[in-house]
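# Observations on the three-dimensional arrangement
Listed below, chain by chain, are the residues.
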Amino acid sequence: MIERFVALCLRRRFIVWAVFFLVAVYGVVSFARLPMEAYPDIADVSAQVITQVNGLAAEEVEQQITIPLEQGLMGTPGVSVMRSKSTFGLSLITLVFKDGVEDYWCRQRIQERIAGISLPYGATPGLDPLTSAVGEIYRYTLESPTRSLRELSELQRWTVIPRLKQLSGIADVSNFGGLTTQYQLELDPARLTAFNLSLQRITDAINANNANAGGSILNHGEQGFVIRGIGLIRNLDDMGNIVVAQKNGTPVLLKDLGTLHLGHQERHGVLGKDQSDDSIEGIVLMLKGENPSRVLAEVHRTVDLLNAKVLPKDVRLVPYLDRTTLVDATVHTVSRTLIEGIVLVVVVLLLFLGSPRTAITVALTIPMALLTAFIFMHHLHIPANLLSLGAIDFGIVVDGAVVVVENLLRRREESQGRPLTLQEAYTSTAQVARPVFFATIIIITAYLPLFSFERVEYKLF
């Protein structure tokens, strides 16, 4: 059978050339579509249930939040490991799923489970962004020589983060540092006593006066006017003019009961960078399974747009961690390794075969083998990284070609340099085709145990 296949290839040489040309073209296309990463994502399929309850101690979080959630999540299809952590005001439950479970499927199962769990204190569980351990691709800080941390925090929350979240392939943009602005009222107990008001009445008045109301339509001739009530608090003056009560026909306003000012929520940490001991940063998380090179290119375009046109002139978005640098270094390392390997193989072949034409013919098997590998990597969703491409054994790649070409050269030397006929080329190739085939089968068999690995080992190898 092997001999017949060799004979068919020699008789139909143009078809063989056409097949190799199409494989080469499709290999180039597949390589262009391969995700470029520095290292592979070998993490298990997992999801994290996050529940925040401000002010609750770790023991109460464990008893009243974490344990009920664990009981409700037990038996979730596909779960192999479940672990939890309870800290001050925060419950974290991590679920690790079995191999082969799809990310969105497992997250849907979790959502179905937590939807039926009732928790105290109005706690609402949520899922972490669909990213991975290597999903952190970009970090930046907002810097300005003139603006306060509060102003930078407002720009971060309402301008930068929404713009970055619009990008395709971004799972989330996390904020670290900065301030969360609050409108604060410092009440004077003496004034509360004088007006006979309680704290609950003031709270109710603020809630009742912080909303817009929709009305109907007032028809006037052929025109219709929409009636609506505007009550949303937009600044401290709006808040101060809220009517709480009336005394002797005179309204008692909120600003009459204390001092209004801008404040911020309690801070649990600060960010320091270089000479600044209080900065604000953003962490861009990539959606799991996306192409880092494409996503980073979109992030760079958006950052350039923000700095050029969107942000104020005195505010700059300054990156300090960019995966592009690592990806470029990886591509450079892999490319250099491949080129050096090919050059070394060609030099060795020239030295031992003594024929430049023969050496180049054998060396052509290396790019053809790589292009064929790129096709399989593209369809099996294996990204190009330092592990998948950086340890290619060129000796194994060219072994078969070296044996075939060396036998052809030997036959040609026996014929005193006379060009070989088609029959002689077939006879020479057929002599070594079967041993080369079985040698290749032995190599493949030696690697078959790798396919029995599971979980992290399976993804790594």
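In this text the structure is predicted, and so the values were computed from the model without any measurement. (Residues numbered from 1 in each chain as written. Predicted model: local features only at pLDDT ≥ 70, side-chain atom pairs only at ≥ 80, totals over all residues. Heavy atoms only, no water.)

This next bit is on helix α5 (residues 149–165). Taken as a whole, α5 carries its principal kink of about 40° at Q156. On its buried side, α5 packs onto β5 (136–143), β6 (170–177), β14 (276–286), α9 (292–310) and β15 (316–322). (Bend = angle between axes of the 7 residues up to and from the residue. Helix = DSSP H or I, 4+ residues; strand = E, 2+ residues; numbered from the N terminus. Contact = heavy atoms within 4.5 Å.)

Judged by side-chain polarity, I339, V343, L344, V347, V348, L351 and F352 come together as a nonpolar surface patch covering roughly 740 Å² of accessible area. Inspection of the secondary structure puts V347 in helix α10 (residues 323–353). Overall, V347 belongs to the partly exposed group, its relative accessible area being 40%. (Patch = residues over 30% accessible without salt bridge, like charges linked within 9 Å, V, L, I, M, F, W, Y side chains within 5 Å. Areas by Shrake-Rupley, 256 points an atom, 1.4 Å probe, with all protein chains shown as cover. Salt bridge = Lys/Arg side-chain N within 4 Å of Asp/Glu carboxyl O. Buried < 20%, exposed > 50% of the residue type's maximum accessible area, 1.4 Å probe, protein only.)

This part covers the packing of α5 against α9. Axis angle and axis distance: for two packed helices, these are the angle between their axes and the distance between the axes, and together they describe the pair. In contact at an axis separation of 11 Å, α5 and α9 are set at 145° when each is read in the N-to-C sense. The handedness of the crossing between α5 and α9 comes out as right-handed. Counted together, T159, V160, R163 and L164 of α5 and T302, L305, L306 and V310 of α9 form the full contact between these two elements. Tallied by class, the residues present in the contact of α5 with α9 amount to 5 nonpolar, 2 polar and 1 charged. (Axes fitted to C-alpha atoms, helices over the stretch in contact; angles between N-to-C directions. Left-handed = near helix turned anticlockwise from the far one by under 90°. Nonpolar A, V, L, I, M, F, W, Y, C, P; charged D, E, K, R; others polar.)

Moving on, we come to the side chain of S153. By the element assignment, S153 lies in helix α5. By relative accessible area, which is 4% here, S153 ends up buried. Here the side chain of S153 touches L179 through a polar contact of 2.8 Å, landing on its backbone nitrogen. Residues in contact with S153, not counting those within four places in the same chain, are G178, L179 and I280. (Polar contact = N/O pair within 3.5 Å; in protein donor to acceptor, adjacent residues only side chain to side chain.)

Structurally, the position occupied by R109 is in helix α4 (residues 103–115). Polar contacts involving the side chain of R109 include one to the side chain of E112, which spans 2.8 Å. Ignoring anything within four residues of it in the chain, the contact list for R109 reads T76 and P77.

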